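# Descriptive analysis of the structure
Take a look at the letters that make up each chain.
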Amino acid sequence: MLRRAVAVELEVPREVSKLLYDVESVYLGIVREVAVYAVVNNVTSTTQLQGLFYRKYRLEYPSLNSQLIIQAIRQAAQIAKSFMERRREGLADKPYPEVRSVSIRFTEIAWSYNQFVGSIAPVRLAVSPISTGRRGRGGRRFEVWLRPHKRFWLYWWRVLTGEAELASTLLIKRRLNKWYAIFIFEIKPKEEEPRSIVAFDINENTVAVGRIDIETTVDKVAKWNKQYLTPQLYMIRTDFGKLARRYERVRSAIIEKLKPGFALPNGKYMNITNTREYRKRVKHLREGVRKVGRVRQVASELTRTPAIIITEELGDNPQESMIEDVGKDELRHRIKQTPFKAVERAVEDKALERGSKLVRVSSYRNSRVCPIHFTRLEKTDDWHTLYCPKGHYVDRDYASILNMLWKTTPEAWTKGVWWNLRREMNWREYEGKSNPSIPYETVSHLWTHLKTFTASEESPAMLARGKPMNPTGEADEGGGEETSQKGRRPRFLNGPHKPTPTGN
Ligand SMILES: [Zn+2]
């Protein structure tokens, strides 16, 4: 289940606003007190904390809706739990959690949930932060109007069409002196027929993409044209590495500037990155914000149409495994800055929302095998270009995504990408099988594509060209020599797939 939070500003009459301020401060007080108690005494069970604190606060604040007390204690338990987790990982530098602000949680009985979801176009709601003072009479209702915006209506439309549900808990949050209602929409993942197969691979500055569009009708299959059977290979520029380098420079400039103020008597300097001044300045750089924007862009591009999306199985710490054979300190640092996991999460999330499915395949030898001949690729002077002993060059990134595609087909489950089978894996047990999480039809479609692709004499050339689909016409990063030195006859034709007169 996917969750999306949508904040809508509230039009709150002055008296209600005052009341909410009071409620907020009491609520925050409870959350703080209970969270600290929980951490200090190592008690994080909600039931236990309710038992310890509910009566106390009920007596202390008799007019507060008892539902809010229960929710505040729950919230405290969650805060304590995640604080203790962070502490265990060495990420918390304070002895106990500091709760600066809270959103007040209203369960379905503390706000007009039923009325709200029954409405075609809700424009107001009622909250009951305080009780009537009479036993069993629940809370006093206060009506507030919403200032709904486009995003809210888009989600509301999905509620009406049954694609989403509104969660029954409402959050009320204050930002400066404005009040907001935060609605949580639970979106049902779409199930759609995949219309394409997409493989992607995240690199330092680009995301390599291979896309195959699926034609469904038999008629179209009969008219298959080689042009349409070739996977589209292209790059999405992300420049995560470049971005990291630029910010690195800015950060060192800040350190240099601050240094004079933090000199120690012995002529050395304090660790400036720990100072408040440094943190304050770095915060304004918004590096994270820019990264997130690019991550979303990638996710959106990859999920344009409902698709089977194939990517590498990333370990817990993909950066670490990637830098194993990277020597230079600077490059190691940049790889660490590449948000592999963030991209993957964003893609998975968007995929669910748009009816796509993410399939992970092993990264085993993805960029070391020729996706046409299944031979071991050799290194060249250019890190990006590899050489197939059958006589052509291959772009490392394209080799990688094509091999991922292969890995979902029966062919590759038994042969090919994995020479030297005995030692690494027992692939025989998978003979004739394909990846079970992909519909058989899609797999056979993909297989046809790849088969045709490998039979085409043009494909190795296509692979060797730096970035064939790059719209900016960037400089060719490929080996170069295959097109310039051997005269009229490009080297890739030396392989087994010589052009025949009957070709095409
Ligand atoms: Zn080859």
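This report concerns the structure included in the present document. (Residues numbered from 1 in each chain as written. Predicted model: local features only at pLDDT ≥ 70, side-chain atom pairs only at ≥ 80, totals over all residues. Heavy atoms only, no water.)

## As for the overall build of the protein
Heads up, the condition is: Segments assigned H or I by DSSP are reported as helices when at least four residues long, segments assigned E as strands when at least two residues long, and all are numbered from the N terminus. Throughout, exposure labels follow a simple rule: accessible area from a 1.4 Å probe, protein chains only, divided by the maximum for the residue type, with under 20% read as buried, over 50% as exposed, and the rest as partly exposed. For this analysis, residues touch if any pair of their heavy atoms sits within 4.5 Å. All accessible areas in this document rest on Shrake-Rupley with a 1.4 Å probe, and a residue is counted as covered only by the protein chains that are shown.
Secondary structure summary: the protein contains 19 helices and 15 strands in total. Classification of the 504 residues of the protein by burial places 46% in the buried group. Counting contacts in the protein only where the partners sit at least 6 residues apart, residues at least 24 apart contribute 69% of the total. Accessible area of the protein: about 28,100 Å², with a carbon and sulfur share of 49%.

## Overview of the environment of Ile 109
Tracing the backbone shows Ile 109 in the loop between strand E2 (104-106) and helix H4 (113-117). For Ile 109, a relative accessible area of 62% gives the class exposed. It is 8.5 Å that separates the C-alpha atoms of Ile 109 and Ser 128, two residues lying 19 residues apart in sequence.

## Quick word on unusual backbone geometry
Of note, Asn 42 is a non-glycine position whose phi angle comes to about 60°, a positive value. When its relative accessible area of 56% is taken as the criterion, Asn 42 is described as exposed. One non-glycine residue with positive phi stands out, namely Asp 239, at about 55°. Following the sequence through the fold, Asp 239 ends up in the loop between strand E10 (232-237) and helix H8 (240-258).

## Quick word on the packing of helix H10 (residues 287-302) against helix H13 (residues 340-353)
Going by this rule: The axes are straight lines fitted to the C-alpha atoms, using for helices just the contacting stretch, and the angles between their N-to-C directions are given from 0 to 180°. For classification purposes, an angle smaller than 35 degrees is called roughly parallel, one larger than 145 roughly antiparallel, one from 65 to 115 roughly perpendicular, and anything else oblique. Each crossing gets its handedness from the near helix: less than a right angle anticlockwise from the far helix is left-handed, clockwise is right-handed. When residues are grouped by polarity, Ala, Val, Leu, Ile, Met, Phe, Trp, Tyr, Cys and Pro land in nonpolar, Asp, Glu, Lys and Arg in charged, and all others, Gly among them, in polar.
For the pair H10 and H13, the least separation of the axes is 8 Å and the interaxial angle reads 45°. Taken together, H10 and H13 sit at an angle that is classed as oblique. As H10 runs across H13, the sense of the crossing is right-handed. For the pair H10 and H13, the contacting residues are Val 295, Val 298, Ala 299 and Leu 302 in the first and Ala 342, Val 343, Ala 346, Val 347 and Lys 350 in the second. The residue makeup of the contact of H10 with H13, split by class, is eight nonpolar, no polar and one charged.

## Here we look at a positive patch on the surface
Rules: Within this analysis, patches are made of residues with over 30% relative accessible area and no salt bridge. Like charges are joined at 9 Å or less; nonpolar side chains (Val, Leu, Ile, Met, Phe, Trp, Tyr) at 5 Å or less. Counted as salt bridges are all cases of a side-chain nitrogen of Lys or Arg within 4 Å of a carboxyl oxygen of Asp or Glu. Within this scheme the basic residues Lys and Arg register as positive and the acidic residues Asp and Glu register as negative, but His and the chain ends are omitted. For this purpose, a charge sits on NZ of Lys, CZ of Arg, CG of Asp or CD of Glu.
Taken together, the side chains of Lys 94, Lys 257, Arg 276, Arg 279, Lys 280, Arg 281 and Lys 283 make up a positively charged region of the molecular surface. By the element assignment, Lys 280 lies in helix H9 (residues 276-283).

## Quick look at the environment of Phe 262
Note that Phe 262 resides in the loop between H8 and H9. Given the relative accessible area of 16%, Phe 262 is considered buried. Residues Phe 262 and Ile 272 lie 10 residues apart in sequence; the distance between their C-alpha atoms is 7.3 Å. Apart from the residues lying within four places of it in its own chain, the contact partners of Phe 262 are Lys 268, Tyr 269, Met 270, Ile 272, Thr 275 and Glu 277.

## Observations regarding the nonpolar core
Put simply, the rule is: Here, the term nonpolar core denotes a set of buried Ala, Val, Leu, Ile, Met, Phe, Trp, Tyr and Cys residues that are joined through side-chain atoms within 4.5 Å.
With 59 residues, the main nonpolar core has Trp 111, Leu 125 and Phe 183 as its most contacted residues. Per element, the largest residue contribution to this core is 13 residues, and it comes from helix H1 (residues 14-41). Sequence-distant contacts of Leu 125, that is, excluding residues within four places in its chain, are made with Trp 111, Ser 112, Phe 116, Phe 142, Glu 143, Val 144, Leu 146, Leu 170, Ala 181 and Phe 183. Counting residues in each nonpolar core, the second largest holds 23 residues, with Leu 233, Ile 308, Val 359 and Phe 374 among its members.

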